[in-house]
Amino acid sequence: MLSHSLSVTSAAPSPEIVRDLIARHDAHAPRYTSYPTAAQFTAEVDGARWGQWLSTAPVDTPISLYLHIPFCKRLCWYCGCNTRAMNRVAVMSSYVDLLLAEADLVLAHVGRGVRVGSIHLGGGTPNMLPPEELERLMAGLAARFDLSDCYDIAAEPDPEVLTDDWMRAAGRIGLSRASLGVQDLSPKVQAAVNRPESFESIRRAVEGLRAQGVTSLNLDLMYGLPLQTEVNVVTTLGQITDLKPDRIALFGYAHVPWMKPHQKLIRTEDLPDAHARFLQSQAATRYLQAKGWTAIGLDHFALPHDSMAAAQRAGRLRRNFQGYTTDTAPTLIGLGASAISRTPQGFSQNLVQEREWRQAVQKGQLPVARGVGLTDQDVLIGALIERLMCDFAVDVDACTRLHGLDPDSLGDVWSRLEPFAADGLIRIEGTRVTVTPLGRPFVRAVCAVFDAHALPADRHARVI
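Residue positions are given per chain, counting from 1 as you read along its sequence in written order. Local features are withheld for residues below a pLDDT of 70 in this predicted model, meaning they are given only at 70 or higher, and side-chain atom pairs are given and counted only at 80 or more; totals for whole chains, interfaces and linings count all residues. With hydrogens and water set aside, each side-chain value is computed from the structure's full complement of heavy atoms.

(A) Quick peek at the pattern of salt bridges. Salt bridges are identified by distance alone: a Lys or Arg side-chain nitrogen within 4 Å of an Asp or Glu carboxyl oxygen. What the rule picks out here adds up to 23 salt bridges. Put simply, Arg74, Asp158, Arg195 and Glu197 are held in one network by salt bridges that share partners.

Right, here's the structure in full:
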């Protein structure tokens with residue numbers, strides 16, 4: 001085993017130590033954007049059960065809305081989202097009709113007025129919707145929900161198809177936050193994943209959205225892409241940091257062709273190995289921190305003024321299906337094909353196939369395909385994992401007692417944590433577990449120790 005002193009040294013570990021750690025701890029593990037994860041969802045949660053949860057959902061405080069727009073101009077080969085290439089306006093217009101129809105179905109089961117605190121348009125590519133359809137969608141939501149407390153309207157536009165007309169419409173609906181996909185600016189890497197994109201289109205999108213009143217801009221990057229190197233990653237960062245985005249997300253590419261068949265178009269031999277991925281992520285972290293961005297959790301960075309950095313400083317950072325977030329709403333209602341919802345009772349997911357989702361809504365049925373109900377133990381484990389993912393530390397016994405459960409209910413977690421402590425990836429002080437700087441890239445593997453719903457390894461991407 002490695003010396004525990006590694007956990008407190010400031011020097012970068014040697015390549016030999018890194019390779020040894022990866023060999024022992026680079027397991028397959030969820031990204032833990034929820035607990036239980038979507039891999040544990042089953043058909044036991046259907047429209048009827050979701051309707052029951054809605055009828056008792058806590059809507060006295062503002063909820064969050066997520067709307068899934070499953071359309072893109074092109075199919076990026078790395079993508080893990082539910083989307084398809086589509087540019088027919090009639091298809092997108094009818095989809096907006098059905099989003100609003102699904103909202104009516106939800107509200108009929110809630111049976112009372114619903115206040116909304118935040119709205120997130122994801123996908124897919126929300127700016128595939130024509131500007132007039134975007135405004136019609138938002139007007140329809142405003143007619144159905146109380147938006148007087150809505151403090152955040154966010155979207156995930158694709159810079160390559162972002163028009164001036166769409167940005168002006170975004171300004172009219174009050175878009176306050178936007179997340180733009182960059183991934184990597186190397187033409188060779190872009191060609192390897194079918195994502196051509198120029199820096200000029202990104203710069204134009206950033207400037208145009210800011211001119212329309214968007215106050216928080218996030219740029220999404222990836223490491224571990226085919227043909228990608230440390231030089232590619234840092235060169236891309238050198239360009240995009242000049243734009244001063246408020247947040248930067250640096251995701252590790254998850255190669256799961258058994259789940260996303262289009263990823264088979266990526267040449268496996270072009271993918272960097274785990275050690276190269278580790279070096280890419282660490283080089284990016286050093287670069288961004290030197291430039292003034294604060295590291296947030298596993299893969300986000302924010303300028304000190306941003307609300308996400310403030311949430312981290314205050315211990316209020318959360319994690320959901322969009323990654324790290326400041327959203328604390330107890331209820332999330334997802335609309336659209338594959339959208340996921342959450343209430344204190346559990347998670348539900350809509351039918352993934354757009355055609356099936358359309359048919360269900362047209363029949364007046366809540367279009368739920370699967371989900372999972374939450375036990376008290378699930379809520380506890382979810383809280384433990386969320387704090388480790390967000391704060392890299394948690395007092396296990398204190399958290400357990402806060403949830404009214406016996407610490408012994410966690411079983412043999414302490415013995416399973418010992419290998420991580422022996423290798424300097426965590427420190428254990430009493431009942432407090434702290435992930436060390438050396439261990440942060442392995443935090444998902446540490447979280448998996450607490451996971452009571454283990455699945456076969458091939459259901460998840462590797463940690464590194």
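(B) Up close: the packing of aromatic side chains. Here a pair means two rings of Phe, Tyr or Trp (six-membered ring of Trp) with centres within 6.5 Å. Their orientation is stacked below 30 degrees between planes, edge-to-face above 60, and tilted elsewhere. Overall, the coordinates contain 5 aromatic pairs when judged by the stated rule. Ring centres of Phe41 and Phe347 lie 6.0 Å apart, and the angle between their planes is 20°; this geometry places the pair in the stacked category. A residue pair is termed long-range when its members are at least 10 positions apart, and Phe41 in the loop between helix 1 (15-25) and helix 2 (47-55) and Phe347 in strand 15 (residues 346-350) qualify at 306 residues. Between Phe71 and Tyr95, the ring centres sit 5.2 Å apart and the planes meet at 75°, which makes this aromatic pair edge-to-face. Of this pair, Phe71 sits in strand 2 (residues 71-72) while Tyr95 is found in helix 3 (residues 89-110), placing the two residues 24 residues apart along the sequence. A single burial state applies to Phe71 and to Tyr95, both of which are buried. Among the aromatic residues, ring-to-ring pairing joins Phe41, Phe321 and Phe347 into one connected group. Placement of a charge over a ring requires the Lys NZ or Arg CZ to be within 6 Å of the ring centre, with the centre-to-atom vector within 35 degrees of the ring normal. One cation-aromatic arrangement involves Arg319 over Tyr324; the distance from NZ or CZ to the ring centre is 4.4 Å. Going along the chain from the N terminus, every DSSP run of H or I of four or more residues is numbered as a helix, and every run of E of two or more is numbered as a strand. Buried means the residue's accessible area, taken with a 1.4 Å probe over protein chains only, is under 20% of the maximum for its type, while exposed means over 50%, and partly exposed covers the values in between.

(C) Quick look at the sheet that holds strand 18 (residues 426-429). Two strands pair under a simple rule: DSSP has to find at least two bridges between them. The strand order 17-19-18 describes an open sheet built from 3 strands, whose pairing is antiparallel. One side of each edge strand has no neighbouring strand; the edge strands of this open sheet are strand 17 (393-395) and strand 18. In this sheet, adjacent strand axes meet at a mean angle of 10° when their direction is disregarded. In the sheet, strand 18 pairs with strand 19 (residues 432-435) via 4 bridges, with the strands oriented antiparallel. Residue pairing for strand 19: Arg427 is matched across the bridge by Thr434. In this description, a line fitted to the C-alpha atoms serves as the axis of each element, helices being fitted only across the stretch in contact, and the angle between N-to-C directions of two axes falls anywhere from 0 to 180 degrees.

(D) Inspection of helix 4 (residues 131-144) at higher detail. The span expected for a helix works out to 1.5 Å for each residue beyond the first. Under the 1.5 Å per step criterion, the end-to-end length of helix 4 is 20 Å for 14 residues, consistent within 8% with the ideal 20 Å. When helix 4 is considered as a whole, its buried residues turn out to be Pro131, Glu133, Leu134, Leu137, Met138, Gly140 and Leu141. On its buried face, helix 4 is in contact with strand 1 (63-69), helix 3, strand 4 (116-123), strand 5 (152-155) and helix 5 (164-173). We call two residues contacting when some pair of their heavy atoms lies within 4.5 Å.

(E) Spatial organisation of the side chain of Arg277. When you line up the elements, Arg277 lands in helix 9 (residues 274-290). With near-sequence residues (within four places) excluded, Arg277 lies in contact with Tyr223, Gly224, Gly252, Tyr253, Pro272 and Ile464.

(F) Unusual backbone geometry, seen in detail. Here the residue pair Tyr35 and Pro36 is connected by a cis peptide bond, since its omega of -10° sits within 30 degrees of zero. Within the secondary structure, Pro36 is located in the loop between helix 1 and helix 2. In this chain, Gly123 is followed by Gly124 through a cis amide linkage whose omega measures 10°. With respect to the element layout, Gly124 can be found in the loop between strand 4 and helix 4. The phi angle at Lys244 is positive, at roughly 55°, despite the residue not being glycine. With respect to the helices, strands and loops of the structure, Lys244 is situated in the loop between helix 8 (230-240) and strand 8 (247-252). A residue is classified by how much of its surface remains accessible, and Lys244, at 48% relative accessible area, is partly exposed. Although it is not a glycine, Ser338 sits at a positive phi angle of roughly 75°. Along the chain, Ser338 turns up in the loop between strand 13 (332-335) and strand 14 (340-343).

(G) Quick look at the confidence of the model for the protein chain. As a per-residue quantity, pLDDT reports the predictor's confidence and falls between 0 and 100. Looking at the protein chain as a whole, the pLDDT averages 93, with 96% of positions reaching at least 70. A low-confidence stretch, residues 1-10 (pLDDT under 50), is modelled with 22 contacts involving residues beyond four sequence positions or located in other chains.

(H) Focus on the nonpolar core. Put simply, a nonpolar core is a bunch of buried Ala, Val, Leu, Ile, Met, Phe, Trp, Tyr and Cys residues held in one set by side-chain atoms that sit within 4.5 Å of each other. Formed by 79 residues in total, the largest nonpolar core has its most connected members in Leu65, Leu67, Ile119, Leu137, Leu141, Leu209 and Leu219. Sequence-distant contacts of Leu67, defined by excluding residues within four places in its chain, comprise Leu99, Ile119, His120, Leu121, Gly122, Leu137, Leu141 and Leu335. One finds Leu21, Ala302, Ile381 and Ile464 within the second-largest nonpolar core, a separate group that totals 45 residues.

(I) The environment of Leu221, seen in detail. Looking at the element boundaries, Leu221 is found in strand 7 (residues 216-223). C-alpha of Leu221 to C-alpha of Tyr253: the two residues are 32 residues apart in sequence and 9.6 Å apart in space. In contact with Leu221, other than residues within four places in its own chain, are Val182, Gln183, Thr236, Leu237, Ile240, Ile248, Ala249, Leu250 and Phe251.

(J) Local environment of the pairing of strand 5. Because side chains alternate across strand 5, one face comprises the buried residues Asp152 and Ala154, and the other comprises Ile153 and Ala155, equally buried. Where strand 4 meets strand 5, 4 bridges bridge the pair, whose relative direction is parallel. Counted as the bridge partner of Leu121 is Ala155 from strand 5. The path from the first strand over the helix to the second decides the hand: if it runs clockwise while the strands point away from the viewer, the crossover is right-handed. Viewed along the sheet, the connection from strand 4 through helix 4 into strand 5 turns out right-handed. In this structure, strand 5 lies alongside strand 6 (residues 177-183), joined through 2 bridges in parallel fashion. Its bridge partner being in strand 6, Ala155 is matched across the sheet by Ala178.

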